[in-house]
Amino acid sequence: QVQLVESGGGLVQAGGSLRLSCAASGLTFSNAFMGWFRQAPGKEREFVAGISWSGTSTYYVDSVKGRFTISRDNAKSTVYLQMNSLKPEDTAVYYCAASWAASRTAREYVYWGQGTQVTVSS
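Residues numbered from 1 in each chain as written. Predicted model: local features only at pLDDT ≥ 70, side-chain atom pairs only at ≥ 80, totals over all residues. Heavy atoms only, no water.

Considering the nonpolar core
- Counting residues in each nonpolar core, the largest one holds 30 residues, and the members touching the most others are Trp36, Val79, Leu81, Met83 and Tyr94.
- Listing elements by their share of this core, those giving two or more residues are strand 3 (18–25), strand 4 (33–39), strand 5 (46–51), strand 7 (68–73), strand 8 (78–83), strand 9 (92–99) and strand 11 (116–121).
- What Tyr94 contacts, discounting residues up to four positions off in sequence, is Glu6, Leu20, Trp36, Phe37, Arg38, Val48, Phe68, Leu81, Met83, Gly115, Thr116 and Val118.
- Counting five residues, the second largest nonpolar core, distinct from the first, contains Phe33, Phe37, Ala97 and Tyr109. (Core = buried A, V, L, I, M, F, W, Y, C linked by side-chain atoms within 4.5 Å. Buried < 20%, exposed > 50% of the residue type's maximum accessible area, 1.4 Å probe, protein only. Helix = DSSP H or I, 4+ residues; strand = E, 2+ residues; numbered from the N terminus. Contact = heavy atoms within 4.5 Å.)

Examining the environment of Ala92
- Mapped onto the fold, Ala92 is located in strand 9.
- Each C-alpha atom, one on Ala92 and one on Ala40, is 4.3 Å from the other, the two residues being 52 residues apart in sequence.
- Not counting residues up to four positions away in its chain, the partners in contact with Ala92 are Arg38, Gln39, Ala40, Thr116, Gln117 and Val118.

Structural notes on unusual backbone geometry
- Positioned with a positive phi, Ser77 is a non-glycine residue whose angle comes to about 50 degrees.
- One non-glycine residue with positive phi stands out, namely Ser85, at about 50 degrees.
- Mapped onto the elements of the fold, Ser85 is located in the loop between strand 8 and strand 9.
- For Ser85, a relative accessible area of 41% corresponds to the partly exposed category.

Considering the state of the cysteines
- If you walk through the whole model with that rule in mind, you get one disulfide.
- Each disulfide pairs two cysteine sulfurs, and for Cys22 the partner residue is Cys96, the sulfurs being separated by 1.9 Å. Sign of the S-S torsion, about 40 degrees for the bond between Cys22 and Cys96, identifies this disulfide as right-handed. Placement of the pair is Cys22 in strand 3 and Cys96 in strand 9, with a sequence separation of 74 residues.
- The class of Cys22 is buried, set by a relative accessible area of 0%. (Disulfide = S-S within 2.5 Å.)

Written as structure tokens, this is what we have:
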């Protein structure tokens, strides 16, 4: 049984930082392209960042470039999202997800975590 478990969300002031973690089990993690998505109330789920199997290639939505960094530790089967200079518009539930192909499209992701809330106050 595949499980993706996110942690690290919370309440932070604008300009602050948070580090999200996503621990995976039940899949060959090093074969999975990993992504972070977010969904704000009343909005569609949005691709935030993705990382290739080896970690050498990373992808970001324009709104987070230069502020967020995705990384992975295949030995720990964990993917991270370091979020700096947070803004109120970053407020959302953040999900990690696993795909067998490099993609920014949610429907191409096979496994999803339960999500973790990130709230940025102004």
